[in-house]
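One-letter residues, chain by chain:
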Amino acid sequence: MKVSVVIPVFNKAPWLKECLESVFAQTFQDFEVIAVDDASTDGSLELLRSFSDPRLRIIELPHNVGPGGAAQRGMDAAQGDYIIRVDADDIMYPDRFAVQVAVLDSDP
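Keep in mind it's a predicted model, so treat the numbers as computed, not measured.

Draft legend 1. View of the sheet that holds strand 1 (residues 3-9). Across the sheet, four strands lie side by side as 3-2-1-4; this open sheet has parallel pairing. The open sheet is flanked by strand 3 (56-60) and strand 4 (82-85), the only strands paired with a single partner. The sheet shows a mean angle of 25 degrees between the axes of neighbouring strands, direction not considered. Summarising the sheet, strand 1 and strand 2 (residues 31-37) pair through seven bridges and their orientation is parallel. Each residue of the ladder has a partner; that of Val-5, found in strand 2, is Val-33. In this fold helix 1 (residues 13-24) packs onto strand 1, strand 2 and strand 3, with an angle of close to 165 degrees to the strand it touches most, strand 2.

Shown next, in the form of structure tokens:
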């Protein structure tokens with residue numbers, strides 16, 4: 001696997017669906033998504049569970065550790081050659097991952 005996409009999530013339910021849709025709509029498709037729910041209380045975890053894409057892995061934290069701690073847990077679980085960090089309220093252009101991977105591959 002080329003890329004691990006790490007998304008820390010804390011109470012981002014209003015934006016999370018659109019974020020994940022933009023991730024799964026990327027032109028570059030060799031990736032896994034690791035969404036780390038940081039003890040959300042707004043339905044974010046349930047929204048994550050509603051996605052059936054097999055590339056999505058969900059890590060549930062028992063208590064809030066903050067965005068840095070949640071991101072680190074996701075990076076620790078990553079299996080890709082590269083890690084792309086995404087915030088749970090981001091919306092990506094469809095070629096974002098392709099451009100980033102091309103740059104990284106061209107100048108290791």
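Draft legend 2. A look at the side chain of Ser-44. With respect to the helices and strands, the residue Ser-44 is situated in helix 2 (residues 44-49). Taking the relative accessible area as the measure of exposure, Ser-44 reaches 0% and is therefore buried.

Draft legend 3. Fine view of the side chain of Glu-32. The residue Glu-32 is located in strand 2 in this model. On the basis of relative accessibility, which here comes to 5%, the residue Glu-32 falls in the buried class. Within the structure, Glu-32 has its side chain in polar contact with the side chain of Ser-4 (distance 2.5 Å). A distance of 2.8 Å separates a polar atom in the side chain of Glu-32 from a polar atom in the side chain of Arg-57. Not counting the four nearest positions on each side in its chain, Glu-32 is found in contact with Met-1, Val-3, Ser-4, Val-5, Arg-55, Arg-57, Ala-77, Ala-78, Gln-79 and Gly-80.

Draft legend 4. The environment of Asn-11, seen in detail. When you line up the elements, Asn-11 lands in the loop between strand 1 and helix 1. What makes Asn-11 partly exposed here is its relative accessible area of 24%. Sequence separation between Asn-11 and Asp-37 is 26 residues; the distance between their C-alpha atoms is 8.6 Å. If we ignore the near neighbours within four places in the chain, the residues touching Asn-11 are Ser-40, Thr-41, Asp-42 and Ser-44.

Here is what the cut-offs are and how they apply
Residues numbered from 1 in each chain as written. Predicted model: local features only at pLDDT ≥ 70, side-chain atom pairs only at ≥ 80, totals over all residues. Heavy atoms only, no water. Pairing = 2+ DSSP bridges. Helix = DSSP H or I, 4+ residues; strand = E, 2+ residues; numbered from the N terminus. Axes fitted to C-alpha atoms, helices over the stretch in contact; angles between N-to-C directions. Contact = heavy atoms within 4.5 Å. Buried < 20%, exposed > 50% of the residue type's maximum accessible area, 1.4 Å probe, protein only. Polar contact = N/O pair within 3.5 Å; in protein donor to acceptor, adjacent residues only side chain to side chain.

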